[in-house]
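Structural overview
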Amino acid sequence: MAKSTTPSDARHALDFLAESAGSTIPAVVAVFGDESFLKRLVLTEVRKRASDGDDAEFSCTELDGDKATPRDVFDELSTLSLFGGGRRVVVIEDADKFVSDYRDKLEDYVAKPSPGGVLVLEVSSWASNTRLYKATAASGLNIQCTSPPEAGLVKWLVAWSKQRYQAKLQQDAAESLVEMVGPELGLLDQEIAKLAAASGTEPITVERVEQLVGSWRAKTAWDMIDAVVEGRTAEAFGRLDRLIAAGEHPIALLAQMASTLRRFAAATRLLERDERSGRRPMIRQLLQDAGFKPFVLDKAEQQWRQLGRR
């Protein structure tokens, strides 16, 4: 479904989620990308497939990547749960710093992992030219969580509506929804939930999407993000006030803002990586590698400079 933008040695999240629930989870899994909604779905599915039994949740431990140490991680992986079934699953959240600090130890672990454990690294960036990436691709699993191309996104929306909400979303309605909301899967999921509740057993049509999904709200949200990034604080608060008054949930707005800001953070990490290695940073390429689409690179570069590295 989404292989056109996914490296050949990685699985796209949508392809992974579409697999049979009985497929085997290897000892090391890297979940990378900037689409937080897909990451949540993938992490849930990894836990489910790696564990079994009624108390499988007791077999999973989540660690903060900023605070975890290799000793913490490897001890957890080798410890049997008193209650959970299946294998021991250890998820390191926001693991970019952990990977950077302990790359050598992780390479050793991937070469000889704990037989009863599953190590899951949740990272923003996962460079395909590193030994760790290649080792994980060879014996583990790399799962890319990015928004797919529009055609794949529309196809996913139709299937997701049926699977999650038992709703029949017509393809032209899905296309209209993507055009209004943009390629943010978490926001699209919220809109589908609203449309499914309003439509009942009736198909979700273009007319229903236009009626219930205000395109001005989507535009106002993106304009608010632009104002925040560019330092136009009063204008940003004005747009935020309009959105909340119109019924938008603050958490949904925060998720939409965080998605953009995470891309800037990822670009900054890539910039610092190039500087440390003595390479001349190529600004537009770094932004594109961080997830910005080609048609917004000019604006993104200006906003990045406005934000500043710190």
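This write-up is about the structure you can find in this document. (Residues numbered from 1 in each chain as written. Predicted model: local features only at pLDDT ≥ 70, side-chain atom pairs only at ≥ 80, totals over all residues. Heavy atoms only, no water.)

Think of a pair of aromatic rings as described by two things: how far the centres are apart, and how the planes are tilted against each other in angle. Under the definition given, this model contains 8 aromatic pairs. Relative to Trp156, the ring of Phe37 lies with its centre 6.3 Å away and its plane at 75°, an arrangement referred to as edge-to-face. Of this pair, Phe37 sits in helix 2 (residues 36-50) while Trp156 is found in helix 7 (residues 150-165), placing the two residues 119 residues apart along the sequence. Phe37 sits in the buried class, given a relative accessible area of 7%. (Phe/Tyr/Trp six-rings, centres within 6.5 Å; stacked < 30°, edge-to-face > 60°. Helix = DSSP H or I, 4+ residues; strand = E, 2+ residues; numbered from the N terminus. Buried < 20%, exposed > 50% of the residue type's maximum accessible area, 1.4 Å probe, protein only.)

Their axes nearest at 11 Å, the elements helix 7 and helix 9 (residues 185-199) cross at an angle of 50°. Looking at the two axes, helix 7 sits oblique to helix 9. As helix 7 packs across helix 9, the resulting crossing turns out to be right-handed. Along its contact with helix 7, which presents Leu153, Trp156, Leu157, Trp160, Ser161 and Tyr165, the element helix 9 presents Leu185, Leu188, Asp189, Ile192, Ala193 and Ala196. Tallied by class, residues from the contact of helix 7 with helix 9 come to 10 nonpolar, 1 polar and 1 charged. (Axes fitted to C-alpha atoms, helices over the stretch in contact; angles between N-to-C directions. Parallel < 35°, antiparallel > 145°, perpendicular 65-115°, else oblique. Left-handed = near helix turned anticlockwise from the far one by under 90°. Contact = heavy atoms within 4.5 Å. Nonpolar A, V, L, I, M, F, W, Y, C, P; charged D, E, K, R; others polar.)

This part covers unusual backbone geometry. Excluding glycine, a negative phi dihedral is what most residues carry, and trans is how most peptide bonds are arranged. Positive phi, normally seen in glycine, also occurs at Asp94, with a value near 50°. You can see Asp94 is positioned in the loop between strand 6 (88-93) and helix 4 (96-101). The class of Asp94 is partly exposed, set by a relative accessible area of 48%. Its identity is not glycine, yet Gln166 carries a phi of approximately 50°, on the positive side. Mapped onto the elements of the fold, Gln166 is located in the loop between helix 7 and helix 8 (171-181).

On the surface, a cluster of negative charge is made up of Glu150, Asp172, Glu175, Glu179, Glu207 and Glu210. Among the elements of the structure, helix 8 and helix 10 (206-212) are those that each provide at least two residues to the negative patch. Among the secondary structure elements, Glu207 is positioned in helix 10. (Patch = residues over 30% accessible without salt bridge, like charges linked within 9 Å, V, L, I, M, F, W, Y side chains within 5 Å. Areas by Shrake-Rupley, 256 points an atom, 1.4 Å probe, with all protein chains shown as cover. Salt bridge = Lys/Arg side-chain N within 4 Å of Asp/Glu carboxyl O. Lys, Arg positive; Asp, Glu negative; His and termini not counted. Charge placed at Lys NZ, Arg CZ, Asp CG, Glu CD.)

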